[in-house]
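One-letter residues, chain by chain:
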Amino acid sequence: MRIRRALIRASSTGKILTSLLLLIGPALPTLQPLPVRAETSGNPTQTVLTPVDYSSGLTNQSGSTLILDLGDKSSISVLGNLENHGTIYLVSSNPHTQSASISAQNIINSQGAIITTVIPQGAIPLGTFSSLVSNLSLSLFAVNNIVNYGTISSANNLTAVAGGSIVNMTAAGSATAAIMQATNNLNLSASTISNSGILSAINGNVNLCNPSLYSATLAGLQQNLAGNISSSLLQNININNSNGLIEALKGSVNIGGAELDKNSILSVLGGDIISQLINVDGGAGAVQVRADSLLGTVNLSACSAQFGAESGLLTLGQLNIAGDPTFYNSGDILITNNINVGENLAILAGGNITASGAYTISTVNLGVGHNVYMVAGGNLSLQGSPLASPTLPPGNALLPGQTVTVSGPSLTGGSISLAGSTINTRSTAGNNPGGTVTLVAYGGLGTGGISNLNIVSGGSGLSTDGAVNV
């Protein structure tokens, strides 16, 4: 076994100088495919290597630790794939360089491997650097995919952009979850994100699939960093969070953006999302969310929405929906803000539907009132193509042609109590009937009943008032 120390530093010419690498195993296997120039420094244990280029990719073997100093040049370009099976520490010895970035065709971080700007005490030998930036941000760019089975973390912001997919996947049978974590903001931009591990922002926000952030991040890149990455996100965005966790305990989880057009579909499937605020913006398109649990206040903007959770409490905040949304949860639903939708509204709960204050729930659009349908304590089931199921399956959003139906009471039953809120389906223009209000509360042990709410369902002109069914 040979132990060699070297340090990889990005020079102003874009080459990488190697001067501190802790490598256990064959000497420098990551650089063997590349032409190199070796120099021995004054310290006989230290070797400096200057690769000619990275056109054939860069691989860090298991058991090896690379320390990349990006103080002179903040970015490294790998024209092939970056494959890490060991540890890569990115540092900056220049106080003016506050962010480090790596671009490649694909970035692959294997199980147990680490890419980070969080430097543990003692990880770098004393005297290697006079000082280092302590809160270095990290950005990763892939023309195709970013795949992580290990740990990718940043001492400040962590940004990952992929022209294809971002995959954060816990290996089968592993006791350690794959994790992508930022001390401040975690920014992930790709049209497809798959997470069965942990996506976490310790002090800031988690921002997923925001079109403006994606375009702005790429705008600052040189075109020759790692090839051509698509300049904009696809309009159909898929986030598969099955068995995964997305969390921003001190901030918010922000998904999508107002730039999504009328043909777009923003889909979030499965897993848990924990944050003070969960902000979902489908722009002018459709939103389909089906999570195992959503712990945080949900604010939603879209043309249409089908939004649900499998368990726990679904907390509804500010809702602005142009179309006819459906909100459903096998547990309770709590309303904490005004609700404004442009067409019919359905709120379906296997438990209680309550409100934290007196709010307005309105389905009036252009002077025309639409229907409101609320069910508490219902047995909710999924119907329609492509598959029917006796229960709402965790991790599956409603697909086109599918509906949520209520077939009698749930095991617990539920109540509707809205703290003096007003349901407004009143038409105010032309000769239009008011919207119909249907409220159903299936009784259970200590549950049942409808209370503390007001209903306004009048028609306009010569038309009739909307029916109230309780």
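Above this note sits the structure.
What you are looking at is a predicted structure, and each value in this text was computed from that prediction instead of being measured.

**Q** For this particular structure, what's the right way to read the overall build of the protein?
**A** What the protein contains, in helices and strands, is one helix and 47 strands. Evaluated residue by residue, the protein yields a buried proportion of 51% over its 470 residues. In the protein, the share of contacts with a sequence separation of at least 24, taken over all contacts with a separation of at least 6, comes to 56%.

**Q** Would you mind going over unusual backbone geometry with me for this structure?
**A** Generally, phi is negative for residues other than glycine and the peptide bonds are trans, each holding for most cases. In the Ramachandran plot, Asn243 falls in the positive-phi region, its phi being about 65 degrees despite a non-glycine side chain. Structurally, Asn243 can be placed in the loop between strand 25 (236–240) and strand 26 (245–256). The phi angle at Asn452 is positive, at roughly 60 degrees, despite the residue not being glycine. By the element assignment, Asn452 lies in strand 46 (residues 450–456).

**Q** Teacher, can you tell me more about the pattern of salt bridges here?
**A** When the charged atoms of two side chains with opposite charge come close together, those side chains can pair. Summed over all chains, the structure comprises one salt bridge. The partner of Arg290 in a salt bridge is Glu310, with the nearest N and O atoms 2.5 Å apart. Of this pair, Arg290 sits in strand 29 (residues 286–291) while Glu310 sits in the loop between strand 31 (304–309) and strand 32 (313–321), and the two are 20 residues apart along the sequence. With relative accessibility at 23%, the residue Glu310 sits in the partly exposed group.

**Q** It is not clear to me how the pairing of strand 8 (residues 64–69) should be interpreted in this structure. Could you clarify?
**A** Walk down a regular strand and you will see the side chains alternate between the two sheet faces. In terms of burial, strand 8 is largely enclosed, as six of its six residues are buried. A two-sided burial pattern is seen for strand 8, the buried positions comprising Ser64, Leu66 and Leu68 on one face and Thr65, Ile67 and Asp69 on the other. Across five bridges, strand 8 lies against strand 11 (residues 87–91) in parallel orientation. What sits directly across from Ile67, in strand 11, is Tyr89.

**Q** Can you help me understand the pairing of strand 21 (residues 186–189) in this one?
**A** Of the two faces of strand 21, the one lined by Leu186 and Leu188 and the one lined by Asn187 and Ser189 are each fully buried. Sheet analysis places strand 21 next to strand 24 (residues 206–208), joined by three bridges and oriented parallel. When the sheet's bridge partners are listed, Leu186 is paired in strand 24 with Val206.

**Q** When you look at helix 1 (residues 211–219) in this model, what are you seeing that I'm missing?
**A** Side chains of residues three or four places apart in an α-helix project in the same direction, reflecting 3.6 residues per turn. Within helix 1, burial applies to Pro211, Tyr214 and Leu218. Within helix 1, the buried residues cover an arc of 65 degrees as seen down the axis, which keeps them to one side. Projecting away from the buried face of helix 1 at angles above 90 degrees are the exposed residues Ala216 and Ala219. Turning to helix 1, the residues buried within the fold contact strand 15 (137–142), strand 18 (158–162), strand 21 and strand 26. Two or three places before Ser212, at the opening of helix 1, Asn210 has a side-chain oxygen 3.0 Å from that residue's backbone nitrogen.

**Q** Hey, could you run me through the packing of aromatic side chains in this one?
**A** Note on aromatic pairs: each is described by the distance of the centres and the angle between the planes. By the definition in use, this model includes one aromatic pair. Ring centres of Phe307 and Phe327 lie 6.1 Å apart, and the angle between their planes is 45 degrees; this geometry places the pair in the tilted category. Of the two residues, Phe307 sits in strand 31 while Phe327 sits in strand 33 (residues 326–329), which places them 20 residues apart along the sequence.

**Q** It is not clear to me how the nonpolar core should be interpreted in this structure. Could you clarify?
**A** Phe307, Met374 and Leu418 are the most contacted members of the largest nonpolar core, which has 90 residues in total. Apart from the residues within four sequence positions on either side, Phe307 is in contact with Val280, Val287, Val289, Leu294, Val298, Leu300, Leu314, Thr326, Phe327 and Tyr328.

**Q** Teacher, can you tell me more about the environment of Ser131 here?
**A** Relative to the helices and strands, Ser131 is located in the loop between strand 14 (114–116) and strand 15. For Ser131, a relative accessible area of 43% corresponds to the partly exposed category. As for Ser131 and Pro95, which are separated by 36 residues in sequence, their C-alpha atoms are 8.6 Å apart. Setting aside its immediate chain neighbours within four residues, Ser131 contacts Ser92 and Ser93.

What counts as what
Residues numbered from 1 in each chain as written. Predicted model: local features only at pLDDT ≥ 70, side-chain atom pairs only at ≥ 80, totals over all residues. Heavy atoms only, no water. Helix = DSSP H or I, 4+ residues; strand = E, 2+ residues; numbered from the N terminus. Buried < 20%, exposed > 50% of the residue type's maximum accessible area, 1.4 Å probe, protein only. Contact = heavy atoms within 4.5 Å. Salt bridge = Lys/Arg side-chain N within 4 Å of Asp/Glu carboxyl O. Pairing = 2+ DSSP bridges. Arc of directions from axis to C-beta. Polar contact = N/O pair within 3.5 Å; in protein donor to acceptor, adjacent residues only side chain to side chain. Phe/Tyr/Trp six-rings, centres within 6.5 Å; stacked < 30°, edge-to-face > 60°. Core = buried A, V, L, I, M, F, W, Y, C linked by side-chain atoms within 4.5 Å.

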